[in-house]
2 protein chains.
Amino acid sequence: MDTRPTSRRQDQSAKAPPAKTSRAEPSRIERLCIERGLKMTGQRRLIARVLSDAEDHPDVEELYRRALALDNKVSVATVYRTVRLLEEKGILDRRDFGGGRARYEPTEHGQHHHLIDVETGRVIEFVDEAFERLAQAIAARLGFSMVQFRLEIFGQRDAEESNPAPPEAPR
Amino acid sequence: MDTRPTSRRQDQSAKAPPAKTSRAEPSRIERLCIERGLKMTGQRRLIARVLSDAEDHPDVEELYRRALALDNKVSVATVYRTVRLLEEKGILDRRDFGGGRARYEPTEHGQHHHLIDVETGRVIEFVDEAFERLAQAIAARLGFSMVQFRLEIFGQRDAEESNPAPPEAPR
DNA sequence: ATAAATGCAAAATCTTTGCAGAGAC
DNA sequence: GTCTCTGCAAAGATTTTGCATTTAT
């Protein structure tokens, strides 16, 4: 019989960036929401703050956990509904790094891509302009205009290194 | 309220390549299984044939449907177990093109990538050596050895075109 | 003969949704 | 005041699994 780990649940204990509890001014994401005319409820403001503060690629459950930690007034269903809404509005990007759960990050950040450490699951972002040009050229060659592209490199940390940064989401 | 399509089920009516019903010789995938010492049951042989014949990126349910069409002796659970096994053995690659279901294709084919038509969901494969070199260089720069990488370009068909190829899996 | 594979149905996960009450504008 | 949002629990969708039985080697 198969011998994979039984549960798809993963250790999500990792870094939840220190909550900037400056409740006063609107978070960056909140401003974007307002720009697009979204009705700003307490829950949306809360989720917007969590997203604005996040420097990683949290999944819905992790967002929910962080939101609860800030202010215990939100349900998972609302988190799901909100990330979907924000994705539709172009404020969030949904990612799939192979863990079975969708993970989110604010749009923009410029075009960047991901290197996933196959051992720890940690995700490193990087930028490379050459890729974008190349991708655009290929799309054109095939008769398409590039709308978006994603590049994910799965790699193994080189031996000599000594940079035990904590994993973002171990597989 | 949200206005997304209710069901995640998708039209999967598209091309099921003409079944090479030459039951005699083992399919290509079956040979690979044997090479790796897998026990060859009727079901595995069947699934191996479906995979060998496939020229697209079917999901489990589609594989199941095609398998049933050839020979009505397999269950979905076995298809799931088999694709997982073959993925672990490096015979299949699992893909995610954003439809919520994993899709599979035989490994090898050489390093190739995908351009997804955002309107129809059709997937076009392409190769480009420059990408591989670039990806390798980037991994090295970050202190990693590249194990694998995936590149997906989402594009919109240019207007002037007139190539109404049928979608592989419309979103 | 033995260890592994299958089928079935139940369970696990992740995500969406219907509905009644609460809240933003 | 109206129209949207939220919470809850239930339903959906996809994938995994326990167990008794069958099967490949």
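Residues numbered from 1 in each chain as written. Chains lettered and ligands numbered in written order. Predicted model: local features only at pLDDT ≥ 70, side-chain atom pairs only at ≥ 80, totals over all residues. Heavy atoms only, no water.

Attention now moves to the interface of chain B and chain A. With 41 residues of chain B in contact, the opposing surface of chain A contributes 41 residues. Buried area between chain B and chain A, summed over both chains or domains, comes out near 3900 Å², and the portion from carbon and sulfur atoms is 57%. At the boundary of chain B and chain A, one finds 4 salt bridges. Close ionic contact of Arg150 of chain B with Glu152 of chain A constitutes a salt bridge, the shortest N to O distance being 2.7 Å. Our enumeration of links across chain B and chain A arrives at 12 residue pairs in polar contact (both at pLDDT 80 or more). Every element with two or more residues in the side of chain B that touches chain A is listed here: α4 (76-88), β3 (113-117), β4 (123-126), α5 (129-141) and β5 (144-157) of chain B. If you tally residues by element for the side of chain B that touches chain A, the top one is β5 of chain B, at 14 residues. For the side of chain B that touches chain A, the residue count by class is 20 nonpolar, 5 polar and 16 charged. Here strand β5 (residues 144-157) of chain A pairs with β5 of chain B via 13 bridges, running antiparallel. Residue Gly155 of chain A lies in a different strand from β5 of chain B, and its bridge partner there is Met146 of chain B. (Contact = heavy atoms within 4.5 Å. Buried area = accessible area lost by both parts, 1.4 Å probe. Salt bridge = Lys/Arg side-chain N within 4 Å of Asp/Glu carboxyl O. Polar contact = N/O pair within 3.5 Å; in protein donor to acceptor, adjacent residues only side chain to side chain. Helix = DSSP H or I, 4+ residues; strand = E, 2+ residues; numbered from the N terminus. Nonpolar A, V, L, I, M, F, W, Y, C, P; charged D, E, K, R; others polar. Pairing = 2+ DSSP bridges.)

This part takes up the environment of Val60 of chain A. All names here are of chain A. With respect to the helices and strands, the residue Val60 is situated in helix α3 (residues 60-70). Judged by its relative accessible area of 5%, Val60 is buried. C-alpha of Val60 to C-alpha of Ala77: the two residues are 17 residues apart in sequence and 9.6 Å apart in space. If we skip the residues at most four places from it in the chain, Val60 touches Val76, Val79, Tyr80, Val83, Ala102 and Tyr104. (Buried < 20%, exposed > 50% of the residue type's maximum accessible area, 1.4 Å probe, protein only.)

A rotation about some axis, followed by a shift along it, carries one copy of the chain onto the other. With an RMSD of 0.1 Å, the fit of chain B onto chain A corresponds to turning through 180 degrees and sliding 0.0 Å along the axis. One copy is carried onto the other by what is essentially a two-fold rotation axis. Among all residues of chain B, the minimum C-alpha distance to the rotation axis is found for Leu151 of chain B, at 2.3 Å. When you check the interface residues of chain B against chain A, 100% turn up at the interface there too, and the contact is symmetric in its surfaces. (Least-squares fit on C-alpha atoms with pLDDT ≥ 70 in both.)

Bringing helix α2 (residues 42-53) of chain A into the picture now. All names here are of chain A. For α2, with 12 residues, the first-to-last C-alpha span of 17 Å sits near the 16 Å given by 1.5 Å per residue. Residues of α2 that are buried include every one of Leu46, Ile47, Ala48, Arg49, Val50, Leu51 and Asp53, and no others. On its buried face, α2 is in contact with α1 (28-35), α3, α4 (76-88), β1 (92-95) and β2 (103-106). (Expected span 1.5 Å × (residues − 1).)

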